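Descriptive structure summary
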Number of protein chains: 2
Amino acid sequence: MTAQTVGRWSDISAAERAVVEAVFWGRDLSRSELGRRVGFSKSKLGAEVAGLITAGVLEERGAHASTGGRRAEGLSLSRDLGVLAAVDLGATSLDVALLSPTLEVLDALTEDTDVRRGPGPVMARVKALVRQLLRARGLREGDVLAVGMGLPGPVEFQSGLPVNPPIMPGWEGFSIRDDLAEMLDAPVYVDNDVNIAALAELWHGGQQPQNFFVVKVGTGIGCGIVCGGEIYRGADGAAGDVGHILVDPLGPRCHCGNVGCVEVMAAGPAIAREATAAAQAGESPLLADWLEANGRLDPPDVARAAREGDPVANAIIQKSGLLIGQMLASLVNFFNPSHIVLTGGVTRMGPLWLASIRQSVYQRSLALSTRHIEIRPSLVGDQGGLIGAGALAMLGCLRVERT
Amino acid sequence: MTAQTVGRWSDISAAERAVVEAVFWGRDLSRSELGRRVGFSKSKLGAEVAGLITAGVLEERGAHASTGGRRAEGLSLSRDLGVLAAVDLGATSLDVALLSPTLEVLDALTEDTDVRRGPGPVMARVKALVRQLLRARGLREGDVLAVGMGLPGPVEFQSGLPVNPPIMPGWEGFSIRDDLAEMLDAPVYVDNDVNIAALAELWHGGQQPQNFFVVKVGTGIGCGIVCGGEIYRGADGAAGDVGHILVDPLGPRCHCGNVGCVEVMAAGPAIAREATAAAQAGESPLLADWLEANGRLDPPDVARAAREGDPVANAIIQKSGLLIGQMLASLVNFFNPSHIVLTGGVTRMGPLWLASIRQSVYQRSLALSTRHIEIRPSLVGDQGGLIGAGALAMLGCLRVERT
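These remarks concern the structure in this document. (Residues numbered from 1 in each chain as written. Chains lettered and ligands numbered in written order. Predicted model: local features only at pLDDT ≥ 70, side-chain atom pairs only at ≥ 80, totals over all residues. Heavy atoms only, no water.)

1. A closer look at the overall build of chain A
Per the secondary structure count, chain A includes 14 helices and 14 strands. With the C-alpha coordinates aligned to their principal axes, the bounding extent of chain A is approximately 70 × 50 × 45 Å. For chain A, buried positions account for 55% of its 403 residues. When contacts within chain A are restricted to residue pairs at least 6 apart in sequence, those whose partners lie at least 24 apart make up 61%. Summing over all exposed atoms, chain A offers an accessible surface of approximately 16,600 Å²; the carbon and sulfur share of this is 50%. Here chain A holds 36 positive side-chain charges and 44 negative ones, and the gap between their average locations is 5 Å. (Helix = DSSP H or I, 4+ residues; strand = E, 2+ residues; numbered from the N terminus. Buried < 20%, exposed > 50% of the residue type's maximum accessible area, 1.4 Å probe, protein only. Contact = heavy atoms within 4.5 Å. Areas by Shrake-Rupley, 256 points an atom, 1.4 Å probe, with all protein chains shown as cover. Lys, Arg positive; Asp, Glu negative; His and termini not counted. Charge placed at Lys NZ, Arg CZ, Asp CG, Glu CD.)

Printed below as a string of structure tokens:
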């Protein structure tokens, strides 16, 4: 079975679809656990699974490698289904990969980009990298099962169109789907980077009916929300836009027009701005030296200065963490998540930043909400954006009739 | 079929259960819409419905009153199933009612109470009022299908036990279920008042897959959340505890130990406290007169003074609205609800209060989140607490195997 037959997925029954999706989420599930999750008897599950193996949709895990006579119990999506193309577009970076249907990254390419150059040149590079990856594995465009792509800005999920993306001039309303349709006869799914990150965490955790959120802190601050094991998008698809939550009524003015937004006070540019001001005011000889040497100070410089014991750098990092924690405390009181995952460039600020966030959340949230809460960096790793984009693509295929 | 046969509900099929629940939520559904919601063909739906009518679970709407030959198309839960007992316990009021399975309030009794007297005396009154209502309709205890009860404090939903209820000393861990089991052989469901209010709104709106929340502002501030058409409780059942969200880092100290919580700055006691201070400082002759005459000022006094044009009263109301709006703006950015419903005593402050909340939300939330948002008082009316408690009881019956 190749990707060309995926059109037939719309013909498979609801029961088969439920089994395939449960296998996708529960990579290491035993058959008995699989049966429990889909609510099928052992015999019904056995019949569905046998049919799906024959059709080339599922395969028995370890069956390829197995040499002995013991029957492998685990199941996975079949590698013969084709490959997923995953695209993780950041403000200044482009990562493209091919993944197996089980979200194993087969090959990946990365290069610098500038999203402000607009969709024409950036999408040309996306297509070139996908072609290069396919050629390197001896695959054709027709072997691509689906494409998933994450963008550093808001996306209307149903249409896949960027909506008012502040750092992506020229992308407003640009159809990535139409653009990729020139090259690939595969469905294309687009979402913003924080929902993609949340999907990667969800897949990593095995889609238990979890309630948590992923907060990305870099140039801006955004949030991907998981409610009952699904990405939650809100009434207008605008859920998770937490960067402009007020943390200080007397704070500085933000580009959004309001004052005291957490983004303008605690994200990467705020850290760089405060370090520069401190260097210029003579408060930190170390930062002043670096500013003179390099002409600018970036968040990694502040992190390095803090590691070297600079008290001003430590205070800047602590302030960022406390303000982000204050914002998160409100959301914890409201949403009572099981955990909060931190991602984005600023998470590399180090343990003091994380400790300040935790301190602020614990101080401002109610005992019951924080009794079991875990606040931690992502466990998915550097390829989270690619894995999330792959998950988006695979789920898109599996749920084609539901959306 | 009487309530004694409800035990048999656990024997009805998943398909029948889906039909009954869809009828419960969609009171005015045509059969074709009902079929669409449960995903059944016309013939399958017809067979299920015919069986449920024969079993006395459903009845054809208008069939009792119909005299002509035209067949009524709508369906509802059968009145022959029995009655629901609904209890709405507030800090100082007790409302008890009998409802039909379609949540029509058949009879209701109300009296003053003081929840601080503890569970013994309060529950004795609950039982007395239920008995009185049953006797008045010629019903027996066995005719009660289920009991739903709302409390003015946190409840662990699975067990129905009050957890650390700040205004309910003596109720911690008290089993309302065990207490009512002495009298009634019916399942008992308990939840906090804001979830009950959210359930009433949800039922009123017909359980479309809605995302919204209900904010109750009285002595305290709490929030009931609806996510995807279901009450959302969070990881530890603590979701919606929004009263202690920070709105002013320089604000006064709250009973929770932190400073600047929205509750200590904007709820009923804050309004009364600020009015009293203004009267004592000679800033409002009107409020000073009333304070002298009555020895105290309550939120309704402030509302009345505002209606009479007192500028100090207007400023107090406006400040409360702006702070509550500021808190809501954060939640709107995060959750992107379709609407926010306001309930509780302070909502009677009048249009200036509501306008101040709206102003604050629109100013601090992002354009996309507020494009369609509606912020309004509850449409369910004064009996919302009883209707929500009735909905909790009926859903508990319908979902007995799911929870």
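Here the narrative resumes, following the displayed structure.
2. Concerning the sheet that holds strand β10 (residues 212–217) of chain B
Residue and element names in this part refer to chain B. The 5 strands are arranged β12-β11-β10-β13-β14 in an open sheet whose pairing can be described as mixed. If you trace the sheet from one side to the other, it starts and ends with β12 (230–232) and β14 (374–377), each paired once. Along the sheet, successive strands turn relative to each other by an average axial angle of 25°, direction set aside. Sheet analysis places β10 next to strand β11 (residues 221–227), joined by 6 bridges and oriented antiparallel. In the sheet register, Lys-216 faces β11, and the bridge partner there is Gly-222. Set on the sheet, helix α12 (residues 351–364) makes contact with β10, β13 (339–343) and β14; between it and β14 the angle comes to about 160°. (Pairing = 2+ DSSP bridges. Axes fitted to C-alpha atoms, helices over the stretch in contact; angles between N-to-C directions.)

3. Quick look at the side chain of Ser360(B)
Within the element layout of this structure, Ser360(B) appears in helix α12. Leaving out residues up to four positions away in the same chain, Ser360(B) has contacts with Leu322(B), Gly325(B), Gln326(B) and Ala329(B).

4. Topic: unusual backbone geometry
Of note in this structure, Leu103(A) is not a glycine but carries a positive phi near 70°. Even without being glycine, Asn336(B) reaches a positive phi, approximately 45°. Note on placement: Asn336(B) falls in the loop between α11 (311–335) and β13.

5. Regarding the relation of the copies chain B and chain A
Both copies of the chain are related by one operation, a rotation about an axis with a shift along it. Here chain B sits on chain A after a turn of 180° about the axis and a move of 0.0 Å along it, with an RMSD of 0.0 Å. The transformation relating the two chain copies, once decomposed into turn and shift, fits a two-fold axis. Looking at chain B, 100% of its interface residues are interface residues in chain A too, so the copies touch through the same face. (Least-squares fit on C-alpha atoms with pLDDT ≥ 70 in both.)

6. Some thoughts on the sheet that holds strand β6 (residues 144–151) of chain B
Residue and element names in this part refer to chain B. What the 5 strands build is an open sheet, ordered β5-β4-β3-β6-β9; its pairing is mixed. Among the strands making up the open sheet, the edge pair consists of β5 (105–112) and β9 (188–192). Here the average twist between neighbouring strands, direction ignored, is 15°. Pairing analysis gives 6 bridges linking strand β3 (residues 83–89) to β6, with the strands arranged parallel. Across the sheet, Asp-88 pairs through a bridge with Gly-150, a residue of β6. Against the sheet, helix α4 (residues 119–136) contacts β3, β4 (93–99), β5 and β6, and its axis sits at roughly 30° relative to β4. Its contacts with the sheet put helix α6 (residues 193–205) on β6 and β9, and the angle it makes with β9 is roughly 105°.

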